[in-house]
Amino acid sequence: LYLIPSNTHTYTHNNNNRTYFVFPGASHNRFEHSIGVSYLAGSLLDRFRRLQPELEINDVDTDLIRIAGLCHDLGHGPFSHVFDGEFMKRRCPEAKFTHEQMSLKMFDYMIEDNNIDIEQNHVRFVKDAIMASEHAKSKSSSKIREREFLYEIVANGKNSIDVDKFDYIARD
């Protein structure tokens, strides 16, 4: 998914900003972060499968959570959260822009533009995993109560402890 030409912008979005001048060996761009989140999400589910077989996590669950980890930050603009929090608010004050919402739009675009054959319930699952922070507050979500923990792996809306943060901590 990340090799699709429309996503190559993530290769160059460096999240170190000026820190790079002090720590030139530091490497932290959206592409590397997304690969890291995908890896950590898959590793966590592999561990759950091994240690808690009663959770009945299957290969499809693992693959979809990995895809959510890979695609969760597709919608980031330049300068990361400054783009969401400052630029877009000033440019389009009436818009409620978030990079998560843009990630969902880009995910849909990737599927459509590249004719990716994926079941609609799998698309919904990935999108809910990406938007868990917002969907945790929503009763209209497609979450199934017994499997709700799956939606807290990439973006945890309850306590913000998720593999997205774990990847940043490992890099910092």
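Every value quoted in this text rests on a predicted model; they were computed, and no experiment measured them.

The next point concerns the overall build of the protein. When its secondary structure is counted, the protein shows 8 helices and 0 strands. Listed by position from the N terminus, the elements making up the protein come as α-α-α-α-α-α-α-α. In the protein, which comprises 172 residues, the share counted as buried stands at 41%. A separation threshold of at least 6 residues defines the contact pool for the protein, and within that pool the share at least 24 residues apart is 61%. As displayed, the protein has an accessible area near 10,400 Å², and 56% of this comes from carbon and sulfur atoms.

So, about helix α3 (residues 59-71). For α3, which comprises 13 residues, the first-to-last C-alpha distance of 18 Å matches the rise-based estimate of 18 Å (1.5 Å per residue) to within 8%. Among all positions of α3, only D61, T62, L64, I65, A68, G69, L70 and C71 are buried. Where α3 begins, one side-chain oxygen reaches toward the backbone nitrogen of V60, 3.0 Å away; that side chain belongs to N58.

Bringing the pattern of salt bridges into the picture now. On inspection of all chains with the given rule, the structure shows 8 salt bridges. We note a salt bridge from K165 to D162, for which the minimum N-O separation is 3.0 Å. For K165, a relative accessible area of 33% puts it in the partly exposed group. Each member of the salt-bridge network shares a partner with another, and the members are E148, E152 and K158.

Our focus in this paragraph is the environment of G69. By the secondary structure assignment, G69 is in helix α3. For the pair G69 and V163, spaced 94 residues apart in sequence, the C-alpha to C-alpha distance is 8.2 Å. If sequence neighbours within four positions are ignored, G69 has contacts with S34, V37, S38 and V154.

This next bit is on the environment of R147. Residue position: R147 is located in the loop between α7 (132-135) and α8 (163-171). Along the backbone, R147 and L55 are 92 residues apart, and their C-alpha atoms lie at a distance of 8.2 Å. Every residue in contact with R147, bar those within four places of it in the chain, is listed here: L55, E56, I57 and D61. Polar side-chain contacts of R147 include one of 3.5 Å to the backbone oxygen of E56.

In this section: the packing of aromatic side chains. Remark: the centre distance and the inter-plane angle together describe each pair of aromatic rings, the angle taken between the planes. Scanning the model with the defined rule gives 2 aromatic pairs in all. Summarising the aromatic geometry, the rings of F48 and F149 are spaced 6.2 Å apart at their centres and angled 70° between planes, so their arrangement reads as edge-to-face. One end of the pair, F48, is in helix α2 (residues 30-51); the other, F149, is in the loop between α7 and α8, and 101 residues separate them in sequence. For the ring pair F125 and Y151, a centre distance of 5.1 Å and an interplane angle of 50° mean the geometry is tilted. On the criterion of sequence distance, the pair formed by F125 in helix α6 (residues 120-130) and Y151 in the loop between α7 and α8 is long-range, its members being 26 residues apart. When sorted by exposure, F125 lands in the same class as Y151, which is buried.

What counts and how
- Residues numbered from 1 in each chain as written.
- Predicted model: local features only at pLDDT ≥ 70, side-chain atom pairs only at ≥ 80, totals over all residues.
- Heavy atoms only, no water.
- Helix = DSSP H or I, 4+ residues; strand = E, 2+ residues; numbered from the N terminus.
- Buried < 20%, exposed > 50% of the residue type's maximum accessible area, 1.4 Å probe, protein only.
- Contact = heavy atoms within 4.5 Å.
- Areas by Shrake-Rupley, 256 points an atom, 1.4 Å probe, with all protein chains shown as cover.
- Expected span 1.5 Å × (residues − 1).
- Polar contact = N/O pair within 3.5 Å; in protein donor to acceptor, adjacent residues only side chain to side chain.
- Salt bridge = Lys/Arg side-chain N within 4 Å of Asp/Glu carboxyl O.
- Phe/Tyr/Trp six-rings, centres within 6.5 Å; stacked < 30°, edge-to-face > 60°.

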